[in-house]
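Structure assessment
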Amino acid sequence: MKHMLFLAGTVLFSALSVGIMSAQTANPPVMGWSSWNTYRVNINDELIRKQADAAVRLGLRDAGYIYINIDDGFFGGRDSEGNLITHPERFPDGMKGIVDYIHARGMKAGTYSDAGCNTCGSIWDNDIHGVGVGFYGHELQDADMFFNKWGFDFIKIDYCGADKLALEEQERYSAICSAIKDVCGRDISLNICRWAFPGTWARDLARSWRISPDINPSWASVRSIISRNLYLSAYAGEGHYNDMDMLEIGRGLSSDEEQTHFGIWCIMSSPLLIGCDLTSIPEQSLELLKNPELIALNQDPLGLQAYVVQHSGEGYVLVKDILEKRGQVRAAALYNPSDTTMHFSVPLEALEFGGKAEIRDLVARTSLGKVSGSIEADVPAHGVKILRIEGKERLEPEIYEAEWAMLPMFNDLGKNFKGINYRPFEGASGGMTVSRSGSRWENHLEWDEVYSTKGGKYEMTISYVPVEPDEREVNDQCIEVEVNGQKTVLKDIVRDRAEGICRIFLPVELQRGYNTVRIGSSYTWAPDIDCFRLRKLQAPRMR
Ligand code: GLA
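This brings us to the overall build of the chain. Of the regular secondary structure elements, the chain holds 14 helices and 28 strands. For 543 residues, the compact-globule estimate of 2.2 N^0.38 gives 24 Å, and the C-alpha radius of gyration of the chain, at 25 Å, lies within 12% of that figure. Over its C-alpha atoms, taken along the principal directions, the chain stretches across nearly 85 × 65 × 45 Å. Sorting the 543 residues of the chain into buried and exposed places 58% on the buried side.

Pasting the structure below:
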């Protein structure tokens, strides 16, 4: 038996390695090192070269960490023609030499700027050299400097300066991106740094976008970033990712916390930018960062972000497909953010598996053997189990949560308090609903991968919560449901929020494979949507 488990582990590892290799062409999340977390603006030429050397020496480059990113702190103002110059003491020889140095080591070089006039460092770190060096008014000139003259491959574009100028995010980032395209023939990896999910437009411009304020090396910070990303899975994928910020591994978190931090960043397909001093990284942290099975999970060719399938008490279970969509292999995280050990019981059915499943612990890199019925595990405080699950039978999903839906008009910028959002509701399945959809059709919820093995007739049950009477017009609420472009308007719905979770049924026809379902309301508010369930209707028997 032991022998068999070992074999299973070997086969698994080669499958995951294939994942690493084929992902190279599919724009997986960026992996590398960045200067900000440890050094803030206090960087210099020699320091960056030492970190690049350490990344090679420690095997990090070969493990996939190929970017060396020079964050804020290198600016030295502009010359009389408006060209960017580098800091006279920190980078007296300019940037080209150091970018060449990084490239000569088989790595890529990343940099930093701001969408407005001033860097964040000029505001928060008193870096006077960061005044007037942002992209605003210098789009083409700076793009030419960063990518043609200096040779950078990646840029993170902050928003401190633009915030102060009261500029509009989508406009600013679009102008900068089109300037970069105009001057540079190469494919530049671009990161939008607006410290909150900026809106679905970000996917058209950037490979990744920050979803949260700056990380710091504390459990509270790691936990709050994870909680901000729990319901953003619909926006990640196909080479575009929610950026949970640079890693704080090797900077004093406990071993369980480091595993959670890294494991969740991996299963959520966040960029992985190491933020510690590589010349003094603790051995255990280095081993974690080099764990090939977790790296393969992060760089998986499907590039999906895991979503929450189970939430009880303070615990969450997240899952995603790896290697192949709707295949026999999935990855799951049992995440315990609480301060005490928690027992998890996860029915295989909830992970869409029937029969037995083979489980592997990707953090410990050990096989846990076969289970049937449910996965049972104790997870320590602030801990996680990251599992690879290979099932015999993949079941057709029966439930689609509102919090898995893509909301075309959602952003987390906090500028429109009436905007569509994910909202907790006790008693809702998964504890979450989507609130404030409707009033125009574009403001809907969308599930693009509603799966039917054979196609046919189904009964759809929509669970919803009527809106609060004092909040919005309630008398004319309705729900419009569109299945593959065919719309049904449901007017006969409950309007009293005191009724809690209500249900409405409708027959739908699904095609074989993937279907698109949208729920919203064209002229009125829709109630808060909890989820919809699908039950296959048996075809009547022929006599
Ligand atoms: C902002 C960003 C950080 C870092 C600093 C640099 O705060 O969110 O990640 O780049 O600016 O000043």
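Moving on, there is more to tell.
What follows is about the state of the cysteines. Inspection of every chain in the model, using the stated rule, returns one disulfide. Here cysteine 120 connects covalently by a disulfide to cysteine 160, the sulfurs 1.9 Å from one another. Taking the sign of the torsion about the S-S bond as the criterion, the disulfide between cysteine 120 and cysteine 160, at about 100°, is right-handed. Here cysteine 160 lies in helix H8 (residues 160-164) and cysteine 120 lies in helix H6 (residues 120-124), a separation of 40 residues in the sequence. Across the pair, cysteine 160 and cysteine 120 agree in class, each one buried. Here cysteine 531 stays free of any disulfide, with the sulfur of cysteine 502 as its closest cysteine sulfur at 12 Å.

Right, let's talk about the site of the ligand for a bit. Close contacts around the ligand come from 13 residues, with Asp71, Asp72, Lys156, Asp158 and Asp214 the closest. The separation between an oxygen atom of the ligand and a polar side-chain atom of lysine 156 is 2.7 Å. In this structure, an oxygen atom belonging to the ligand sits 2.5 Å away from a side-chain N or O atom of aspartate 214. When the free accessible area of the ligand is taken as 310 Å², the share hidden by the protein chains comes to 96%. Contributing elements (two or more residues each) for the shell around the ligand: H6 and strand S6 (154-158). Its residues assigned to classes, the shell around the ligand shows six nonpolar, one polar and six charged.

This model, assessed by the stated rule, comprises 23 aromatic pairs. Ring plane angle 85° and centroid distance 6.4 Å describe the contact between phenylalanine 74 and tryptophan 150, whose orientation is recorded as edge-to-face. Pair noted here: phenylalanine 74 is in the loop between strand S2 (67-69) and strand S3 (75-78) and tryptophan 150 is in the loop between helix H7 (139-149) and S6, with a separation of 76 residues, a long-range link. A single burial state applies to phenylalanine 74 and to tryptophan 150, both of which are buried. A centroid spacing of 5.6 Å and a plane angle of 25° characterise the contact between tyrosine 159 and tyrosine 173, whose relative ring orientation is stacked. With tyrosine 159 in the loop between S6 and H8 and tyrosine 173 in helix H9 (residues 169-183), the pair connects residues that are 14 residues apart, well separated along the chain.

Sheets are built from strands that pair by backbone hydrogen bonding, the pairs being arranged parallel or antiparallel. Read from one edge to the other, the open sheet built from six strands follows the order S11-S12-S13-S18-S15-S16, with strand pairing classed as antiparallel. Strands with a single pairing partner mark the edges of an open sheet, and in this sheet they are strand S11 (307-312) and strand S16 (366-371). Sheet twist, expressed as the mean angle between neighbouring strand axes with direction ignored, is 25°. Note: strand S15 (residues 353-361) against strand S18 (residues 383-394), seven bridges, orientation antiparallel. Bridged to glutamate 358 within S18 is glutamate 390. Lying on the sheet, helix H12 (residues 255-267) is in contact with strand S12 (315-321), strand S13 (329-336) and S18; it crosses S18 at an angle near 40°.

Here the structure, examined in full by the defined rule, presents 40 salt bridges. Ionic pairing is found between glutamate 139 and arginine 172, a salt bridge with its closest N-O pair at 2.9 Å. Placement of glutamate 139 in helix H7 and of arginine 172 in helix H9 is noted, with a sequence separation of 33 residues between them. Under the relative-accessibility criterion, glutamate 139 is labelled buried at 16%.

What counts and how
- Residues numbered from 1 in each chain as written.
- Predicted model: local features only at pLDDT ≥ 70, side-chain atom pairs only at ≥ 80, totals over all residues.
- Heavy atoms only, no water.
- Helix = DSSP H or I, 4+ residues; strand = E, 2+ residues; numbered from the N terminus.
- Rg over C-alpha atoms; globule rule 2.2 N^0.38 Å.
- Buried < 20%, exposed > 50% of the residue type's maximum accessible area, 1.4 Å probe, protein only.
- Disulfide = S-S within 2.5 Å.
- Near = heavy atom within 4 Å.
- Polar contact = N/O pair within 3.5 Å; in protein donor to acceptor, adjacent residues only side chain to side chain.
- Areas by Shrake-Rupley, 256 points an atom, 1.4 Å probe, with all protein chains shown as cover.
- Nonpolar A, V, L, I, M, F, W, Y, C, P; charged D, E, K, R; others polar.
- Phe/Tyr/Trp six-rings, centres within 6.5 Å; stacked < 30°, edge-to-face > 60°.
- Pairing = 2+ DSSP bridges.
- Axes fitted to C-alpha atoms, helices over the stretch in contact; angles between N-to-C directions.
- Contact = heavy atoms within 4.5 Å.
- Salt bridge = Lys/Arg side-chain N within 4 Å of Asp/Glu carboxyl O.

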